[in-house]
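Reading the structure
The residues making up each chain are set out below.
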Amino acid sequence: MTNPHAAALRACRCLAGAALWIVVAGAAAQGDPPFALEALMARLAANGPGTVRFTEVKTSTLLRQPIESRGTLTYAAPSRLEKHTLAPRDERFMVDRETVVIESAARKERLELRLADYPAIQAFVASIRGTLAGDLAALRRHYRVELEGGWPDWRLHLLPSDPQMAELVQKVVIGGAGGRVQRIEILEASGDRAVMTIAKDSG
Amino acid sequence: MSRRAPVLVWLAFVVACTWIAWQARYTADMSAFLPAAATPTQRLLVGELREGVASRLLLVGIEGATPDELARVSRELAKRLQGRPAFVYVANGDAALARADTDFLFAHRYALSPTISPARFERAALAAALERGYEALASPVGALVRRYLPADPTGEFLRLASALETQARPATHLGVWISRDQRTALLLVQTAAPGFDLDAQEANAAAIRDAFAEARAAAGASQATLQLSGPAVFAVWSRETIRHDVRLLSALATLVVAALLLLVFRSLRVLALAFVPVATGAVAGVAAVALGFGTVHGITLGFGVVLIGEAVDYAIYFFGQRRAGEPPEASLARVWPTVRLGLAVSVASFCAMLFSGFTGLAQLGAFSVTGLVVAAAVTRWVLPVLAVRDNAVAGIERVAGLVPRWPWPLRTRLAALAVVAGLGAAVIWHQRPVWDDDPARLNPVGAAEQALDGRLRAELGAPDARWLVVVSGATEEAALEAAEALEGPLRELAAAKVIAGFDSPAHYLPSRAAQRERRAALPDETTLRATLSPVVAASPFKPDLFEPFLRDVAAARTAPPLERASLRGTALGLKVDSLLVHRGGEWHAFLPVTGVADPQVLADRIGKLPSGPRLLDIKAETAALLASYRSQALALWMLGLVLIVALLAAHLRSVLRVAQVLAPLAAAVAVTAALLLAAGVKLTLFHLVALLLVVGVGSNYALFFEREPPNEDERARTVFSVVFCAATTALAFGLLAWSSVPVLKMIGATAAIGAVASLAFATLIARDRT
């Protein structure tokens, strides 16, 4: 009477049920709200400070071939952001509030700028800082914000609203999954583009 | 006919004076009350105060809305002010407005960049520059660098721009200047008109207010408010306040004095006649100042009130003597000698002011001397003709009863006065420091307005302007070359941390010589192309990318030299305007130095240079200016005193009598000053002027009391006239003390106290009939 096949099937059902239960319960425990801009921002805001590794590919019409670089990206709420490029050259780019400091270890040089004077830098800083902080108001100060996708794979399209900025940056696209930012793509008005991919582990 | 002649002359005189006064231009420029500067450095300082760029800067604050709204209003306002001919420069931190600067720096980078040399265009240097550009392209500044790289691979523009960036600047919100507490959006406006052109500045302020109303509506922030500040705003405001106060207070003083005259003389005719000398004197005074100085200062007009207090005395002395049936000339004859001497004493005291180096003070002197002389002359020659039927005064005996017949001998009374004067002097000595060296005290602007100005200035990051290195030259070029010669030494000092940094007009407008040198360093197109091609080929950059660079360098080799006019409408132009000025037939370059750690080392280092630069400590120079102004005022005061004593001595011909007249004056001055000091007031030049006035009016009282009255009626009339004069004077001055203009307030309060004290002490020397 025992049908091993049926038993296997039951076991499978059980497993599937359990798996389903786990998935559903897990999702419920995680409390995924319906996917929306505000919800995504709230999730991003919950991340807190941290350092991640990145690789970046810059394609420029000025160059015969793209530039590849890698380094770390550090963020501390609400306003500190540091992009530390390790290769091809050690260069540190630090922003705190309205001040930008660019340090070149190789040249032993240090340059301090005011964010407001450089729309190009501001585009970069505002998009990353605003996204990492989950600060929708800050993003909207500089961009028209559009969201596509769902929790497992979303893309935030940031379109500069300041004509000054729009002269330099056409669009910033930030991609991610859940509360994690995975990819930052900056499309310059000149046609140049920089694609930054963020590694999974933090360190 | 001959009897009417004085009246006709008087009428013609009044018409002429009124016409001149009507045509006169009126100012409220407080720098008129700065002394004519003694040293060239001080002249420079005063010149800057009057017409320098600082005098043409308006600070604008927008408040009362959210930061986002403030930013919107700021943008809207800037948009509306930009490009108007009245405003040379408008800045609110907005990058769009800063574009003129960026464009200028980029277009003239090869003329402006101090790093231009032949070596910069050699192969190795170009290779390094491209390497650097490549690295920058990958950085977050990539988009910006990319923009300029093809035309400026050596990075001259970005270097120039970042040198400007390091200077202190306000915080921003949404790209617009805002105070650190985010409550005030900030704008800076430079007017085309100089600070002392008050009509133009008044129109400018109105234009900004109108533009603000529109901007506020356009930005949808109806609750936002406008704050305007700056020297020109203050000057306009002062003129308004002075005008308002002078009108109101002269009207009030006239009313009060008129009421008193009416109460005592009970005759409208006497009332009208009593004002004839005053009015004539005032109009003549204004006309004299207009003729002598070109413009009439508002403060001078304020003195019209003072004149009401003093010149009405002459009419009172005259009418106080009128008896029924007596010809007017006979009444006048009894007082005229004393009035004449009193007039001479007053004129002597004001004459000292005439010789003052301060335009404002000299004006007050000219106005008062003319006013008093004319008022006295009208009393002497016109009043008796007009005042045929006027009769005796009621209540003389009652007033006379107010002045006691002192039981003590004169010498005892003089000794008592000497003791009072001594006590006053002791208080003055004890209350040291006596002098107020704060120029802000002369400023008619209220503390709240000054605080607003200070706040806006601090937020706008106005540089600490204490130390200036000044070099001068016969031409603009010479001054610029001298400024460039300072570049090396100042850089060394900055490296040695003796100074934190410095600015120079040559950074924005290099001398022709420097421009020529830089141009000569630029290679011709063929050479540059030959050097650059292999460098580009070895780089990651595409060939032909740097065509704009080749083109711009070639253009810079033949470009006309950079001139001052090329800078117009940029922030850099504003800087050059303030740092390179033409005054007193010479060109001066100012190099503001910040963070001076050791002034002596700085002074020694630059002192060795052949161009003869001077280190100017604005703080010390201002203090020196004020000290010189005070000592000058004191010297004038002493001169006035010597003149008065000499006059009295010449007329009275008796040491005792001179002492008798001087004793109450000395006591009154000492007690008034002591009272002011005890009340916590520090004395200024204007207190001195007021004390001089006290001597002027007090001498009249003393002279009248010092006379030996021929009979009881005469004594009563003298007492009556003097008490009445003191009452009108104290009232007129007392009203002035209510003015919101500090200068008028000081003079008013001091002179009112002084007039009462003079009367009180003069009664001590009153002689009875022997």
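Residues numbered from 1 in each chain as written. Chains lettered and ligands numbered in written order. Predicted model: local features only at pLDDT ≥ 70, side-chain atom pairs only at ≥ 80, totals over all residues. Heavy atoms only, no water.

1. Looking at the overall build of chain B
- Each helix and strand in chain B was counted, giving 28 helices and 13 strands.
- In chain B, which comprises 770 residues, the proportion classed as buried is 55%.
- Across chain B, the fraction of contacts at a sequence separation of at least 24, relative to all contacts at a separation of at least 6, is 82%.
- Total accessible area on chain B stands at roughly 31,000 Å², and carbon and sulfur atoms take up 63% of it. (Helix = DSSP H or I, 4+ residues; strand = E, 2+ residues; numbered from the N terminus. Buried < 20%, exposed > 50% of the residue type's maximum accessible area, 1.4 Å probe, protein only. Contact = heavy atoms within 4.5 Å. Areas by Shrake-Rupley, 256 points an atom, 1.4 Å probe, with all protein chains shown as cover.)

2. Here's the deal with the overall build of chain A
- When you go through chain A residue by residue, the secondary structure sums to 5 helices and 11 strands.
- Per-residue burial over chain A gives 42% buried out of 203 residues.
- Across chain A, the fraction of contacts at a sequence separation of at least 24, relative to all contacts at a separation of at least 6, is 36%.
- Here chain A displays about 10,500 Å² of accessible surface, and carbon together with sulfur accounts for 57% of that area.

3. What about helix α6 (residues 123-138) of chain B?
- Compared with an ideal rise of 1.5 Å per residue, which puts 16 residues at 22 Å, α6(B) spans 23 Å between its outermost C-alpha atoms and is within 8% of the ideal.
- Along α6(B), the residues classified as buried are L126(B), A129(B), L130(B), G133(B), Y134(B), E135(B), A136(B), L137(B) and A138(B).
- Tucked into the core, α6(B) has its buried residues touching β1 (50-59), β2 (67-76) and β3 (80-87) of chain A together with α7 (142-148), α20 (525-537) and α21 (547-558) of chain B. (Expected span 1.5 Å × (residues − 1).)

4. Regarding the packing of aromatic side chains
Residue and element names in this part refer to chain B.
- In this structure the tally under the stated criterion is 15 aromatic pairs over all chains.
- Here the aromatic rings of Y134 and F541 are separated by 6.4 Å at their centres, their planes lie at 90 degrees, and the arrangement is edge-to-face. Note that Y134 is positioned in helix α6 and F541 in the loop between α20 and α21, a separation of 407 residues in sequence.
- Here F541 falls in the buried class, since its relative accessible area comes to 0%.
- Ring geometry for F265 versus F720: centroids 6.2 Å apart, planes at 85 degrees, classification edge-to-face. Linking F265 in helix α10 (residues 231-265) with F720 in helix α27 (residues 712-736), this pair joins segments that are 455 residues apart in sequence.
- Judged by its relative accessible area of 2%, F720 falls in the buried class.
- Through successive ring pairs, a cluster of aromatic residues spans F265, F318, F319, F720 and F724.
- In this structure, R380 is placed above the aromatic ring of W336, and the distance from its NZ or CZ to the ring centre is 5.9 Å. (Phe/Tyr/Trp six-rings, centres within 6.5 Å; stacked < 30°, edge-to-face > 60°. Lys NZ or Arg CZ within 6 Å of the ring centre and 35° of its normal.)

5. Topic: the packing of helix α11 (residues 268-293) of chain B against helix α14 (residues 359-386) of chain B
Residue and element names in this part refer to chain B.
- Across the interface, α11 lies against α14 with an axial gap of 7 Å and an inter-helix angle of 145 degrees. Crossing of α11 against α14: the hand is right-handed.
- Partitioned by chemical class, the residues of the contact of α11 with α14 number 17 nonpolar, 8 polar and 1 charged. (Axes fitted to C-alpha atoms, helices over the stretch in contact; angles between N-to-C directions. Left-handed = near helix turned anticlockwise from the far one by under 90°. Nonpolar A, V, L, I, M, F, W, Y, C, P; charged D, E, K, R; others polar.)

6. A few points about the nonpolar core
Residue and element names in this part refer to chain B.
- By size, the foremost hydrophobic cluster in this structure holds 125 residues, and its most contacted members are L261, F319, L648, Y701 and F705.
- For Y701, the contacting residues outside a window of four places in its chain are D313, Y317, V722, C725, A726, T729, A755, S758, L759 and A762.
- In terms of nonpolar packing, the next biggest core, distinct from the first, is built from 114 residues, F502, A556, L567 and L572 among them. (Core = buried A, V, L, I, M, F, W, Y, C linked by side-chain atoms within 4.5 Å.)

7. So, the packing of helix α26 (residues 685-706) of chain B against helix α28 (residues 742-764) of chain B
All names here are of chain B.
- Running from N to C, α26 and α28 cross one another at 25 degrees; their axes reach a closest spacing of 8 Å. With respect to each other, α26 and α28 are oriented roughly parallel. When the axes of α26 and α28 are compared, the crossing they make is right-handed. The segment α26 lies against α28, with F686, H687, A690, L691, L693, V694, G698, Y701, A702 and F705 engaging V743, M746, I747, T750, A751, G754, A755, S758, L759, A762 and T763.
- A breakdown of the residues in the contact of α26 with α28 according to their chemical character gives 15 nonpolar, 6 polar and no charged. (Parallel < 35°, antiparallel > 145°, perpendicular 65-115°, else oblique.)

8. Observations regarding the pairing of strand β10 (residues 180-188) of chain A
Residues and elements named next belong to chain A.
- Direction of pairing for strand β9 (residues 169-177) relative to β10: antiparallel, over a ladder of 8 bridges. The residue of β10 that forms the bridge with V169 is E188.
- Between the antiparallel neighbours β9 and β10 lie 2 residues, among them G178 with a positive phi of about 55 degrees. (Pairing = 2+ DSSP bridges.)

9. Re the interface of chain B and chain A
- Opposite the 37 residues of chain B that make contact, chain A presents 32 residues.
- Here chain B packs against chain A, burying approximately 3,300 Å² in sum over the two surfaces, 54% of which is carbon and sulfur.
- Inspection of the region where chain B meets chain A yields 4 salt bridges.
- With a shortest N-O distance of 2.9 Å, R89(A) and E135(B) are connected by a salt bridge.
- Run the count over chain B and chain A and you get 13 residue pairs in polar contact (both at pLDDT 80 or more).
- Secondary structure elements with two or more residues in the side of chain B that touches chain A: α4 (95-107), α6, α7, α8 (156-165), β4 (171-173) and α20 of chain B.
- A breakdown of the residues in the side of chain B that touches chain A according to their chemical character gives 21 nonpolar, 7 polar and 9 charged. (Buried area = accessible area lost by both parts, 1.4 Å probe. Salt bridge = Lys/Arg side-chain N within 4 Å of Asp/Glu carboxyl O. Polar contact = N/O pair within 3.5 Å; in protein donor to acceptor, adjacent residues only side chain to side chain.)

10. Focus on α10(B)
- Between its first and last C-alpha atoms α10(B) spans 49 Å; for 35 residues at 1.5 Å apiece the expected length is 51 Å, and the two agree.
- Of the residues trailing α10(B), R266(B) is marked for its positive phi of about 50 degrees.

11. Quick notes on a nonpolar patch on the surface
- A cluster of nonpolar residues, L354(B), F355(B), L639(B) and L643(B), forms a patch on the protein surface that exposes about 350 Å² of accessible area.
- Inspection of the secondary structure assignment puts F355(B) in the loop between α13 (328-354) and α14. (Patch = residues over 30% accessible without salt bridge, like charges linked within 9 Å, V, L, I, M, F, W, Y side chains within 5 Å.)

12. Let's talk about the pattern of salt bridges
Residue and element names in this part refer to chain B.
- Counting across every chain of the model gives 36 salt bridges over all chains.
- E547 is the salt-bridge partner of R529, the closest N and O atoms lying 2.8 Å from each other. Residue R529 is found in helix α20, and its partner E547 is found in helix α21; the two are separated by 18 residues along the sequence.
- Its relative accessible area of 33% is what places R529 among the partly exposed residues.
- The class of E547 is partly exposed, set by a relative accessible area of 32%.

13. Looking at the confidence of the model for chain A
Residue and element names in this part refer to chain A.
- Mean pLDDT over chain A works out to 79, with 80% of the residues at or above the 70 mark.
- Within chain A, helix α1 (residues 4-30) has the poorest average pLDDT of any element, 48, and strand β8 (residues 153-160) the best, 92.
- Taken together, the stretch residues 19-29 has pLDDT below 50 and engages in 4 contacts with residues farther than four places along the chain or on a different chain. (pLDDT = per-residue confidence, 0-100.)

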